[in-house]
Amino acid sequence: MFFVMCFAASLLRLIEGSERELHRAVGSSSLYPSWEHMCPGSSTCCAAWRTKVGLSELKRDQMLWNLDHIDSVHRNIPTTSSTRAKLCSFRSELKRSRRLPERLAHDDLEPTYSCSTLERVPYVSGDGPKFLCGLDVVGSDEGDCLVFSLGSNADTQFENAVHKRRPKCAIHTFDPTLDDQKKRFVRKEQERGILRFHEVGGGGESRSHPFPVESVESLLSRVLPNQTTRSVASTTIDLLKMDIEGFEYETISKALRNCNTRGAPIFDQLAVEVHGTNKARINNFAKLLLLCGYQLVSKERNHWGAEGYQNVEYTFINERQAWKEFLLQNPCCA
């Protein structure tokens, strides 16, 4: 035990030193609220938590720095003879294949936090499952939770899998695009008690929509009709799953615009398919989540009709979900 404590303390000092060096390079704007406050004590458990968090926050800050400086780094490649040759070769390859830049669109984003309980839900092949962190501790200790599923196309495998593991969760499925046959199927799932179906989608305000859409905050008001505005602002969606064909950018942008002043996090875990190959848009999407206190725990390239680079599945969690998952793996710390 003494050895473990000494090792954790030494590693923590090393991490803190690395973070200080990174902060000096990046500037004060990179100093975000740390997850360490979830366990402020001096116990072995808290030392282990701070070590885990320190490593993840170091990765996060490094990735944020890369996202901010990647273009300038590429523009200022040293002009030695060898690098000039490599650069000319790379540019020639770009000219030969217009699709190459598209294939690089998601390459700057990689997981920053290690989730020990990361799993595919449901554990089947295909385009429907999502990777989740700590499914068995989503929501309250009593098992109550709020789950939003934006976009379904009448594929309710995800909702059924979550309901099986967390039967007390209130699962709401939103999709305004279904035809009559698919609506009948989803309503049968509602009759079985699996979910509640809503013929409205998630969106923002940046463009017109062919279907009725609302912000995530408005969707919360829809499922909590008897709550005041203040009560809605203090309500958290425990798990937000999203596959809405490109509308995820504006939906998340609007949902997180007041992330630092809202009474409670608007969601604890986000499993989202990010569509398209606009590198700047993708990077800004990830930066917003990271700056609002979320960590990236999973990245899965979609090979089902998207060739592995056009659409990518990401999972983000905040410190509340991370701490519950940590306690699940370390019950003596509770």
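Residues numbered from 1 in each chain as written. Predicted model: local features only at pLDDT ≥ 70, side-chain atom pairs only at ≥ 80, totals over all residues. Heavy atoms only, no water.

Draft legend 1. Molecular detail of the overall build of the protein chain. The helix and strand inventory of the protein chain stands at 11 helices and 11 strands. Within the protein chain, contacts between residues separated by at least 24 positions form 72% of all contacts whose residues are at least 6 apart in sequence. (Helix = DSSP H or I, 4+ residues; strand = E, 2+ residues; numbered from the N terminus. Contact = heavy atoms within 4.5 Å.)

Draft legend 2. Structural context of helix α5 (residues 157-165). The complete set of buried residues in α5 reads Phe158, Glu159, Ala161, Val162 and His163. Those residues of α5 that are buried lie in contact with β1 (119-121), β2 (130-132), β3 (145-150), β4 (169-174) and β8 (239-242). (Buried < 20%, exposed > 50% of the residue type's maximum accessible area, 1.4 Å probe, protein only.)

Draft legend 3. Structural context of the state of the cysteines. Per the stated rule, a full pass over the model turns up 5 disulfides. Here Cys259 engages in a disulfide with Cys292; their sulfurs sit 2.2 Å apart. Since a negative S-S torsion denotes a left-handed disulfide, the Cys259-Cys292 link at about -75 degrees is left-handed. You can see Cys259 sitting in the loop between α9 (248-255) and β9 (269-275) and its partner Cys292 sitting in the loop between α10 (279-291) and β10 (295-301), a full 33 residues away along the chain. For Cys259, a relative accessible area of 26% translates into the label partly exposed. Given a relative accessible area of 16%, Cys292 falls into the buried group. Free cysteine Cys332: the closest other cysteine sulfur is in Cys45, separated by 4.0 Å. Given a relative accessible area of 67%, Cys332 falls into the exposed group. (Disulfide = S-S within 2.5 Å.)

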